[in-house]
Amino acid sequence: VILGKAGKWLGASMAGGIIEVYGSADDFVGAQPFYTSSPMTGGRILVHGDAGSFIGLGMRGGYIEIKGNAKDFVGLRMSGGTIVVHGFAGLYPGLEMVSGLIVAGGGVEAISAGFSELHDTAADCRIFVGDVLAGGRGLIIVLSRACSCS
């Protein structure tokens with residue numbers, strides 16, 4: 001448990017366990033450190049506040065939940081796991097994503113062209129599938145219609 005702000009690389013290369021932050025978190029929560037082959041593969045990270053950019057970069061498993069907003073590139077290059085952002089999820093969530101799930105509760109600024117929107121959804125949400133430039137199996141659910149995605 002962390003009380004207050006967590007710095008960069010919180011839970012980097014995490015394989016199991018639980019990290020809970022009562023405050024905000026900086027960039028690279030649950031991310032794969034640059035120039036390594038050890039991404040997040042398991043465990044849970046819960047942030048009761050806002051988070052920076054590149055949340056879940058390269059992650060292959062596990063669960064990240066941000067109770068506030070996140071900045072840009074949530075789930076960049078992820079190939080498994082789940083990221084839930086209760087607030088706004090910035091620019092290009094899921095960019096270069098292979099598989100996994102991203103849920104944005106408060107909208108996003110833009111979705112990558114590698115995603116296609118599924119039409120005729122009954123719920124008040126927008127659902128996108130794709131990336132790794134359209135051969136991927138990534139799924140993004142935007143629960144709010146607040147999305148300037150085209």
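Residues numbered from 1 in each chain as written. Predicted model: local features only at pLDDT ≥ 70, side-chain atom pairs only at ≥ 80, totals over all residues. Heavy atoms only, no water.

1. Some thoughts on the nonpolar core
- Counting residues in each nonpolar core, the largest one holds 30 residues, and the members touching the most others are Ile45, Ile55, Ile64 and Ile83.
- Secondary structure elements with two or more residues in this core: β2 (18-22), β3 (44-47), β4 (63-66), β5 (79-85), β6 (99-104) and β9 (137-142).
- Residues in contact with Ile55, not counting those within four places in the same chain, are Asp26, Phe28, Val29, Ile64, Ile66, Ala70, Phe73, Val74, Gly75 and Ile83.
- Within the second largest apolar cluster, five residues are counted, among which are Phe28, Ala31, Leu57 and Leu95. (Core = buried A, V, L, I, M, F, W, Y, C linked by side-chain atoms within 4.5 Å. Buried < 20%, exposed > 50% of the residue type's maximum accessible area, 1.4 Å probe, protein only. Helix = DSSP H or I, 4+ residues; strand = E, 2+ residues; numbered from the N terminus. Contact = heavy atoms within 4.5 Å.)

2. Quick notes on the sheet that holds β9
- The nine strands are arranged β1-β2-β3-β4-β5-β6-β9-β8-β7 in an open sheet whose pairing can be described as mixed. Strands with a single pairing partner mark the edges of an open sheet, and in this sheet they are β1 (2-3) and β7 (115-118).
- Note: β4 against β5, four bridges, orientation parallel. Bridged to Ile66 within β5 is Val85. (Pairing = 2+ DSSP bridges.)

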